[in-house]
Structure formats: structure tokens, C-alpha cells
Amino acid sequence: MLVLVAPGQGSQTPGFLTEWLELPGAADRVAAWSDAIGLDLAHYGTKADADEIRDTAVAQPLLVAAGLLSASALGDIAPGAVAGHSVGEITAAALSGVLDDAAALSLVRKRGLAMADAAAITETGMAALLGGDPEVTVPHLEKLGLTPANINGGGQIVAAGTMEQIAALEADKPEGVRRVVPLKVAGAFHTHHMGPAVETLAEAAKALAPADPKVAYVSNKDGRAVASGAEVLERLVGQVANPVRWDLCMETFKELGVTALLELCPGGTLTGLAKRALPGVKTLALKTPADLDAARELLAEHAA
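Residues numbered from 1 in each chain as written. Predicted model: local features only at pLDDT ≥ 70, side-chain atom pairs only at ≥ 80, totals over all residues. Heavy atoms only, no water.

Bringing the pairing of strand β2 (residues 81-84) into the picture now. Residues Ala81 and Ala83 of β2 are buried on one face, and the alternating residues Val82 and Gly84, pointing to the opposite face, are buried as well. With four bridges joining them, strand β1 (residues 2-6) and β2 adopt parallel strand pairing. By the bridge assignment for β2, Leu4 is matched with Val82. As defined by bridge partners, β2 adjoins strand β7 (residues 216-218) across two bridges and the pair is classed as parallel. Looking at the pairing, Val82 lines up with Tyr217 of β7. (Buried < 20%, exposed > 50% of the residue type's maximum accessible area, 1.4 Å probe, protein only. Helix = DSSP H or I, 4+ residues; strand = E, 2+ residues; numbered from the N terminus. Pairing = 2+ DSSP bridges.)

This is the structure:
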């Protein structure tokens, strides 16, 4: 059984979309998406620098477009489950049939803008903690006023809060934490700082007509497989201000009997976590079109 996963914000790098746009029909498809949402995805995916694509309003649509484009390049696929990390959940919603591509890109464009606006209210950020015990780390973060915004499993927790709180964390690491690594994001996502964005997304969701997922959709909220499209959409709205529990998603992958994990473009982060937390599960990250043949072989061997 194979689970198809979509990465979240911070996984983007300058020019990462360049080779994907050389595939037949890809440039036209991305141009149509760009026109629909009012954002030049091809420019940002090929020519923009790291600071430009760090912008939340740019990064989020760019990542969803990359995930959908790389998934379509695989051809007809039959994963046993889908999941996404943070904004990758919108990619997963499209892959599972809950939203069509146009609705997914429209929603993520509004999400990115709303979260950028919320992030502008207070200077905030996020940092990954490598190593340590969650039972020790989480209380330490709370003592500093930080939120454990992503509990990723595999020994990684991401803290979020004001830049002053992040600086205090770097100076006072929890016991057992080896490194504190600031992330390339522009705000304290999945915390109360994103409250205003929830209201905006709730309004945008009213115009959507979600379908029930065609394959198991594993949610960041609690790792549960959600069978209702309406509930998936409701969770997508609330998710921006709630912690990402990727550790629980991986526990569900185990329970579902997943034997392989394929991470869509720009892959790498989630496969790294899976290698540590899911021993015995084969993993592959789609980074460039050169990875497509290996991905198709993995799908043929493990897909439902």
C-alpha cells in the first residue's frame, strides 16, 4: 500500500519548477492556473529568488501547483491514501477528489494572502528543533510562550511565536535538543497568530462544494482518516491556527499498512521524517522529472 504525500511551506527553493515546466503541456497548464488566481506561478517557480518565494502569499500557491503538476506527470495513479503537511493538505484534498484543481488553487491563493496579512500584524516566525524528547520539549516551549506548531515525529518539533520568543529559544534550548533551525517561513503558522486567516478562509469555503474523498485522506489535525469531504474542508479552514500533528499521520500510515511513501515535488522533507519514523517503508521524493521513472516503479509495486 502506497501513501502519496505533499510537502509544506519551507520546502521551496529557487528555480525548483524549471524542469517540470519542460514536460509536455505543463507550461500551458501552469499558465492557465496563473491567470485564474492572478499570480505568475511560472515566474516564481523559475526566476524568483529565495526571498521572493518565501512570501507566504507566493509560496503556498506555488507549492500546491508543484504538487499537482508532479502528480499529473505520474499518469494514472492509485495510492491507498493521501496526506499533506500544512498547505500540502490542500494538494492532498485535490488528489483525493475532495476539490478539483481550480478550487484547490483558488483556496490556497486566498489562504496564502490571508495568512500573510495575519503574519504582518506581529513579527513572528518558526524554528525546527532537532532531537529531544517531546515530553521535555513541549513544556519548555510553553514556558517560553511558544507553540509546538508542528509535531513531526522522527525527533522533530517546530516551534512558533514572536521573533523575540524564537531568539529566547535559541539561547535556551530544551534539554536534549541538538539544534534550533529557523525556517524559511514568514509567520507563526498554526498558532493563535493566524486567527484572522481562519475567518477569511471560512468565508471562502462557503463557495466550495467538496466531494467525499475517493481514497483515505489522513488529516493533520489528529492523524485520523476523514471520509467526508465537508469535514475535510472544515479541517482545512481550522488547520491554519491549529498545530500540525504529522507524527499522528505517520502512526495512521502504520495502522493502514502502508509499505511505501511517495513525496510530491518539491520532495525531501517528509521522506526524511518517514525514514526515521517508519522503518521498513520504502520512500521516494520527487525532486525533478528525472525521478519519475523510479516513482512509477514504486507505484506499480505498492499502489492499490
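Once you've had a look at it, read on.
Here we come to the pattern of salt bridges. Scanning the entire structure with this criterion turns up nine salt bridges. Across the salt bridge formed by Asp247 and Arg245, the nearest N and O atoms sit 2.7 Å from each other. With a relative accessible area of 17%, Asp247 lands in the buried category. In this structure, Lys282 and Glu301 form a salt bridge, with 3.2 Å as the shortest nitrogen-oxygen distance. Of this pair, Lys282 sits in strand β10 (residues 282-285) while Glu301 sits in helix α13 (residues 292-302), and the two are 19 residues apart along the sequence. For Lys282, a relative accessible area of 42% gives the class partly exposed. Residue Glu301 is classed as exposed on the basis of its relative accessible area, which comes to 51%. Members of the salt-bridge network, linked through shared partners, are Asp222, Arg224, Glu231 and Arg235. (Salt bridge = Lys/Arg side-chain N within 4 Å of Asp/Glu carboxyl O.)

Backbone-to-backbone hydrogen bonds join strands into a sheet, with any given pair of strands oriented parallel or antiparallel. In space, the four strands of this open sheet follow the order β4-β5-β3-β6, with antiparallel pairing throughout. Among the strands making up the open sheet, the edge pair consists of β4 (147-153) and β6 (177-182). Neighbour-to-neighbour, the strand axes of the sheet open up by a mean angle of 25 degrees, direction not taken into account. Judged from the seven bridges that link them, strand β3 (residues 124-131) and strand β5 (residues 156-162) form a sheet pairing that is antiparallel. Bridging from a neighbouring strand, Gly125 pairs with Gly161 of β5. Contacts between helix α7 (residues 134-143) and the sheet are confined to β3, β4, β5 and β6, with β5 contributing the most and set at about 0 degrees to the helix. (Axes fitted to C-alpha atoms, helices over the stretch in contact; angles between N-to-C directions. Contact = heavy atoms within 4.5 Å.)

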